[in-house]
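# Structural description and commentary
What follows is each chain in one-letter form.
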Number of protein chains: 2
Amino acid sequence: LDYQHVQVPFEITLWIMLASLAKIGFHLYNKLPSVVPESCLLIFVGLIMGGIIYGLNDKSPPVMDSDIFFLYLLPPIVLDAGYFMPSRPFFENIGTILLYAVVGTIWNVFGIGFSLYGICQVKAFRLQDVSLLHNLLFGSLIAAVDPVAVLAVFEEIHVNEKLHILVFGESLLNDAVTVVLYKLFRSFCEMPAIKSVDVFAGVGTFFVVGLGGVLVGLTFGMTAAFTTRFTKDIRVIEPLFVFLYSYLSYLTAEMFHLSGIMAIVACAMGMKRYVEANISLKSHTTVKYFMKMWSSVSETLIFIFLGVSTIGENHEWNWPYICFTVIFCLIWRALGVLVLTFFVNRFHVNTITSKDQFIIAYGGLRGAICFSLVFLLPDFHRKKLFIAATTVVILFTVFIQGMTIRPLVDLLAVKRKRESAPTVGEQIHIRFLDHLLAGIEDISGHWGQYYWKDKLEYFNSKYLQKILLREYDQPKSSIVLLYEKLERKHAIELAEAGQLGHAPSHPSLLNNDRTVITDKKLEDTLDLDVLENIQEILARNLYRIRRTGPAYNRHTLPGETEPMGHAKEILILRHKSL
Amino acid sequence: LDYQHVQVPFEITLWIMLASLAKIGFHLYNKLPSVVPESCLLIFVGLIMGGIIYGLNDKSPPVMDSDIFFLYLLPPIVLDAGYFMPSRPFFENIGTILLYAVVGTIWNVFGIGFSLYGICQVKAFRLQDVSLLHNLLFGSLIAAVDPVAVLAVFEEIHVNEKLHILVFGESLLNDAVTVVLYKLFRSFCEMPAIKSVDVFAGVGTFFVVGLGGVLVGLTFGMTAAFTTRFTKDIRVIEPLFVFLYSYLSYLTAEMFHLSGIMAIVACAMGMKRYVEANISLKSHTTVKYFMKMWSSVSETLIFIFLGVSTIGENHEWNWPYICFTVIFCLIWRALGVLVLTFFVNRFHVNTITSKDQFIIAYGGLRGAICFSLVFLLPDFHRKKLFIAATTVVILFTVFIQGMTIRPLVDLLAVKRKRESAPTVGEQIHIRFLDHLLAGIEDISGHWGQYYWKDKLEYFNSKYLQKILLREYDQPKSSIVLLYEKLERKHAIELAEAGQLGHAPSHPSLLNNDRTVITDKKLEDTLDLDVLENIQEILARNLYRIRRTGPAYNRHTLPGETEPMGHAKEILILRHKSL
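Please read all numbers here as calculations on a predicted model, not as lab measurements. (Residues numbered from 1 in each chain as written. Chains lettered and ligands numbered in written order. Predicted model: local features only at pLDDT ≥ 70, side-chain atom pairs only at ≥ 80, totals over all residues. Heavy atoms only, no water.)

All right, on to the overall build of chain A then. The secondary structure content of chain A amounts to 24 helices and zero strands. Approximately 27700 Å² of chain A is accessible, and the part contributed by carbon and sulfur atoms is 66%. (Helix = DSSP H or I, 4+ residues; strand = E, 2+ residues; numbered from the N terminus. Areas by Shrake-Rupley, 256 points an atom, 1.4 Å probe, with all protein chains shown as cover.)

As structure tokens, then:
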């Protein structure tokens, strides 16, 4: 037996296996995941595992290594989040999200830091040795909402898209603020005296860290898109580039002390559109599937390790400090959301309702990022107190808030995500409004959201697409081709059902081959997911409009409005046009 | 700048990126890969990289770590090879393959070892300090044909299936022999005296190592199949189990000093059938794609590292020893193939032609396994000579043999792989013969290949499928359902082309929903790849038979034998039957 030779890969594989089997286990009992969020169950499994290890070895179980977390477990989750980010709601609410992420996080850091310092001044609590700077440092790590925890809970409760993107976007973008403030306070703790220059440098660093991360991400994203232009002959390694470049963007950003999370999100969002157009459909399925699989496994491991790491002798218990930390986290977040939303609502037509505000405040879950940051703290005599407080805050938010948020969403009747896809009418309407508003902004000289969007789209189609896409000659009138295809499809269905009573003219038979070719071309050039989507929408809605709008209905009798009738109608129209 | 923090993942990602970009680079020039095998190009890239590193640092570039090779780079390739192994030709030729792999490898080891020892006795060569045991040890590592190198070359030259499986199967199954002989001679080298007991123990070990590996693999494979029964609600982690269980089987086998390669091949071949039936189509695409991608990257990295590791100061040059090693490798392999094939041909109806024998002998490429084994040798004063000889043999076989084998295959007009899939007639014929031969063997009391295959199939359908498959209620008359489906499809096409002159009876319209449901069921329960295959075969061949066989043709006029006519014919037949 030669265990030590295979130890590293064997144990990693076993941990992943445990995580996957735990996931299967939960889903075997359908009722369990609908009551308790999976994250809670996984932490619970971790706690049991940790208890067993502690009981057997009589020493603390291994703590999740911060390096492993930041280098291997976090990137897949953030990549997945960035790649599947709904870009429209994200950019529509980018101002609000940034306000929450930047101002909100700073507000929370200083609020929690200063008020905990106040608590430390009470002599009865025996906390007078915790300095203001240490409290602020603790505030900076405990203030940040965690994207992993937020995703795990919000994906299960299906709130409306705007609310989801506000909480989730904030949790992603606050990374830059957290990184800067955490590093700032940590270096302040080690400095003998702080000059005002240092404080200003810190503020400047924030922009460098955030924007630098985005820039690194976009650079790698564009390079990835450019690389996939040349993979036509070796389809099999296409998916690799998506993962390699985004991971490189994350590592490069981390290397330069920039925000890795923002880099990988920017990389994923930037490359998605071009990569999807370049790679084959099967490669794309693999990319999507593997990304989901990987992030799911990472998330599972993180929560299990959170549970395992909780057990042990790393904690120093101090009731007042820990209780007040939980209370201040709740209070300052609630206050912050209230104040910031007040300003947001003054400048927006689509206001954030008070129910939404409550969910935003209540959804501020803390998770593995805080946990890893607290272990990265330099050693000082109160570190174990901070670890204990962080653990309690994470467990409180994930268990109490995570488990009660679903009933609360039900109770408050918070607006849910709409189940159906938008209709063609809505889509056309939205497109039309975009163009209209861009035009209005252009004429009035107001450089607003729509103006920039229009300019960006122009830049994209004029330059970026030509450089980054392999096949640029996309047919302009794809909607016409699509209509032809649908019409033909319905004719087939009609014929299959035996409703076709007359033979079409011979030329259409001869044309058959040609149309099949254009179809193939259409499918190759159009993004296939979009095509499927459009097709489904058209299939569902073209008839709905006919059915509801009387103008379209006038030449059919009321009794004929079955699907068959519609299909026949199309054929008649088509023959007229021939 | 904090490089050291991200160094490990960053450098790994960069190496993979380099490998992938090199692959893209070759394929940009279409002519290059058709002349020079990719493996040669990659080694060449590696040589250049190694030269640059050597030139810049003035010290030997890093050598491929044997642990990295055996634990991380080899398993994906062998997994891919096992998963996509064509099982029918493999099991049909299993006797011949085992003969080549076991007897042939032992023959080569001792042949090369003893004749090199003879060379060492020549005083002029100054090699008298290399003992017989060391020569045999060297023989054991240089004799084994390498699956990675064989795959890389044989996948490009498209020889016939039997020839391919003979060389490739041998390269996979000789692992057990290589492992045993290598470890045996290595331990003999360190022993003061060798008893005859040790030799017999070594022979016994061979069976334990080989069969133990297969047993470990099958156990994990069955567990994997069983696990995927329960993944219906979390499709996203299904692909993971395929990779986790097969990797675990490899690591477990390695841990117990069994043959890891045989374990992972057995695991992949065992689980494939059941896993495919259990997991969703998208999961399966991901599994297949990712396996191909991973093995492709591993292979690329191995060849690049082979090139990089060649440069440096690890070599001790001795012309006679190195030249005779290459010559003996060639001679003993050719002799072994000739002698073994003589015996094989006496017992088989399908003889191996002399052309095939030449390609089998010439296709005995050596690769990274020899290279890793030679670095794993215990330190002794002639290790550098062995490293040099191994490197030369690998480069000789990969470059000279790898580059000339394609022209030779063309020149000798070796039977190629048939491009088209077997016809339905052939398939039915093969099936029928299988059953017939199983029956004959059963009656005559001869427990041959077909008897065991039949028994295994019975055991599979009686027990294994019930335990391992989620949905066991597969419709028995799937061919009938398939025929119905095809018939309907043709009716549709006919109707679309406007050739359908009469309306079918009303009941068939009402039945439409039912048949659609059975179709869906059919698609769900039947293996979808098989279904597609059958469909294609039927679509292509049903008509071919009609066209060529006059008996089927009698009630149509010669002029009518266009596709349209056939479709109409089917419809007429169907209406008659109703």
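With that out of the way, let us pick up the packing of aromatic side chains. Applying the stated criterion across every chain, the model contains 55 aromatic pairs over all chains. Between Phe243(A) and Phe290(A), the aromatic rings sit 5.9 Å apart at their centres with planes inclined by 75°, giving edge-to-face as the arrangement. Here the residue Phe243(A) occupies a position in helix α11 (residues 238–255), and Phe290(A) occupies one in helix α13 (residues 281–310), the gap between them amounting to 47 residues. Neither Phe243(A) nor Phe290(A) differs from the other in exposure class; each is buried. Taking 6.1 Å as the distance between ring centres and 25° as the angle between the ring planes, the aromatic pair formed by Phe110(B) and Phe114(B) counts as stacked. One end of the pair is Phe110(B) and the other is Phe114(B), both in helix α6 (residues 94–120) and four residues apart, which spans about a single turn. For Phe110(B), a relative accessible area of 31% corresponds to the partly exposed category. An aromatic cluster of at least three residues, connected via ring pairs, comprises Phe243(A), Phe290(A), Trp294(A), Phe243(B), Phe290(B) and Trp294(B). Sitting over the face of the ring of Tyr83(A), Lys272(A) holds its NZ or CZ atom 5.5 Å from the ring centroid. The aromatic ring of Phe84(B) is capped on one face by Lys292(B), whose charged end is 4.2 Å from the ring centroid. (Phe/Tyr/Trp six-rings, centres within 6.5 Å; stacked < 30°, edge-to-face > 60°. Buried < 20%, exposed > 50% of the residue type's maximum accessible area, 1.4 Å probe, protein only. Lys NZ or Arg CZ within 6 Å of the ring centre and 35° of its normal.)

Moving on: the relation of the copies chain A and chain B. For these two chains of identical sequence, chain A goes onto chain B by a turn of 180° and a shift of 0.0 Å along the axis, with RMSD 0.1 Å. Taken together, the turn and the small shift mark the pair as related by a two-fold rotation axis. When C-alpha positions in chain A are compared against the rotation axis, the closest is assigned to Thr286(A), at 2.4 Å. In this assembly the copies share their binding face: 98% of the residues contributing to the interface of chain A also contribute to that of chain B. (Least-squares fit on C-alpha atoms with pLDDT ≥ 70 in both. Contact = heavy atoms within 4.5 Å.)

So, on to the UniProt feature "domain: Cation/H+ exchanger transmembrane" (unreviewed entry) in chain A. According to UniProt, the "domain: Cation/H+ exchanger transmembrane" (unreviewed entry) feature falls on residues 17–409 of chain A. The span residues 17–409 of chain A carries 79% helix and 0% strand; its end-to-end C-alpha distance comes to 34 Å. (UniProt positions renumbered as here; feature names shortened; annotations may be inferred.)

Our next topic: the packing of helix α12 (residues 260–278) of chain B against helix α19 (residues 449–468) of chain B. All names here are of chain B. For the pair α12 and α19, interaxial distance at closest approach is 12 Å and the crossing angle is 45°. With respect to each other, α12 and α19 are oriented oblique. You can see that α12 and α19 cross each other, and the crossing is right-handed. Here α12 contributes Arg-273, Tyr-274 and Asn-278 to the contact with α19, which in turn contributes Glu-457, Asn-460, Leu-464, Gln-465 and Leu-468. For the contact of α12 with α19, the residue count by class is three nonpolar, three polar and two charged. (Axes fitted to C-alpha atoms, helices over the stretch in contact; angles between N-to-C directions. Parallel < 35°, antiparallel > 145°, perpendicular 65-115°, else oblique. Left-handed = near helix turned anticlockwise from the far one by under 90°. Nonpolar A, V, L, I, M, F, W, Y, C, P; charged D, E, K, R; others polar.)

Turning next to the pattern of salt bridges. Applying the stated criterion across every chain, the model contains 24 salt bridges over all chains. The partner of Asp410(A) in a salt bridge is Arg416(A), with the nearest N and O atoms 2.2 Å apart. Note that Asp379(B) and Lys383(B) form a salt bridge whose closest N and O atoms lie 3.7 Å from each other. According to the relative accessible area criterion, Lys383(B) is buried, its value standing at 13%. Members of the salt-bridge network, linked through shared partners, are Asp129(A), Glu316(A) and Arg382(A). (Salt bridge = Lys/Arg side-chain N within 4 Å of Asp/Glu carboxyl O.)

So, about the interface of chain A and chain B. Of the residues lining the interface, 65 residues belong to chain A; the matching set on chain B comes to 65 residues. Linking chain A with chain B are zero salt bridges. Our count for the contact surface shared by chain A and chain B stands at eight residue pairs in polar contact (both at pLDDT 80 or more). When residues of the side of chain A that touches chain B are traced back to their parent elements, those giving at least two are α1 (3–28), α4 (66–83), α11, α13, α20 (478–496) and α21 (506–525) of chain A. Tallying contributions element by element places α1(A) first for the side of chain A that touches chain B, with 16 residues. Residues of the side of chain A that touches chain B, tallied by class, amount to 39 nonpolar, 16 polar and ten charged. (Polar contact = N/O pair within 3.5 Å; in protein donor to acceptor, adjacent residues only side chain to side chain.)

A separate point is the state of the cysteines. Residues and elements named next belong to chain A. Overall, the coordinates contain zero disulfides over all chains when judged by the stated rule. With no disulfide of its own, Cys-323 has Cys-329 as its nearest cysteine by sulfur position, at a separation of 12 Å. In this model Cys-370 remains outside any disulfide bridge; the closest cysteine sulfur is found in Cys-329, 8.2 Å from its own. The exposure class of Cys-370 is buried, given its relative accessible area of 1%. (Disulfide = S-S within 2.5 Å.)

Right, let's get into the side chain of His134(A). Relative to the elements of secondary structure, His134(A) occurs in helix α7 (residues 132–142). Leaving out residues up to four positions away in the same chain, His134(A) has contacts with Cys189(A), Phe380(A) and Phe386(A).

Let us now look at the packing of helix α9 (residues 161–190) of chain B against helix α10 (residues 196–227) of chain B. Residues and elements named next belong to chain B. Relative to each other, α9 and α10 sit at 150°, their axes nearing to 9 Å. Classified by the interaxial angle, the pair formed by α9 and α10 is roughly antiparallel. Of the two possible hands of crossing, α9 and α10 adopt the one that is right-handed. On the side of α9, the interface is formed by Ala-176, Val-177, Val-179, Val-180, Leu-184 and Phe-188, while α10 contributes Asp-198, Val-199, Gly-202, Thr-205, Phe-206, Val-209 and Gly-210.

Attention now goes to the confidence of the model for chain A. All names here are of chain A. Of all residues in chain A, 80% have pLDDT values of 70 or greater, and the mean over the chain is 80. Low pLDDT, under 50, characterises residues 473–478; the stretch is placed with six contacts to residues that sit more than four places away or in other chains. Under a pLDDT of 50 for its full length, residues 540–563 has, in the predicted model, 22 contacts with residues more than four places off or in other chains. ipTM for the predicted complex: 0.76, alongside a pTM of 0.79. (pLDDT = per-residue confidence, 0-100.)

Our focus in this paragraph is the domain arrangement of chain A. All names here are of chain A. By the assigned domains, chain A splits into domain 1 (1–410) and domain 2 (426–473). Using only C-alpha atoms to locate each centre, domain 1 and domain 2 end up separated by 33 Å. Each partner contributes to the interface: domain 1 provides 16 residues, whereas domain 2 provides 14 residues. With both sides pooled, the region where domain 1 packs onto domain 2 buries about 1200 Å², and carbon together with sulfur makes up 43% of that total. Counting the surface domain 1 buries against domain 2, the share from its top three residues, Arg-88, Arg-229 and Tyr-274, is 47%. At the boundary of domain 1 with domain 2, the tally comes to one salt bridge. The salt bridge partner of Arg-273 is Glu-457, with a shortest N-O separation of 2.8 Å. (Domains from an automatic or database assignment. Buried area = accessible area lost by both parts, 1.4 Å probe.)

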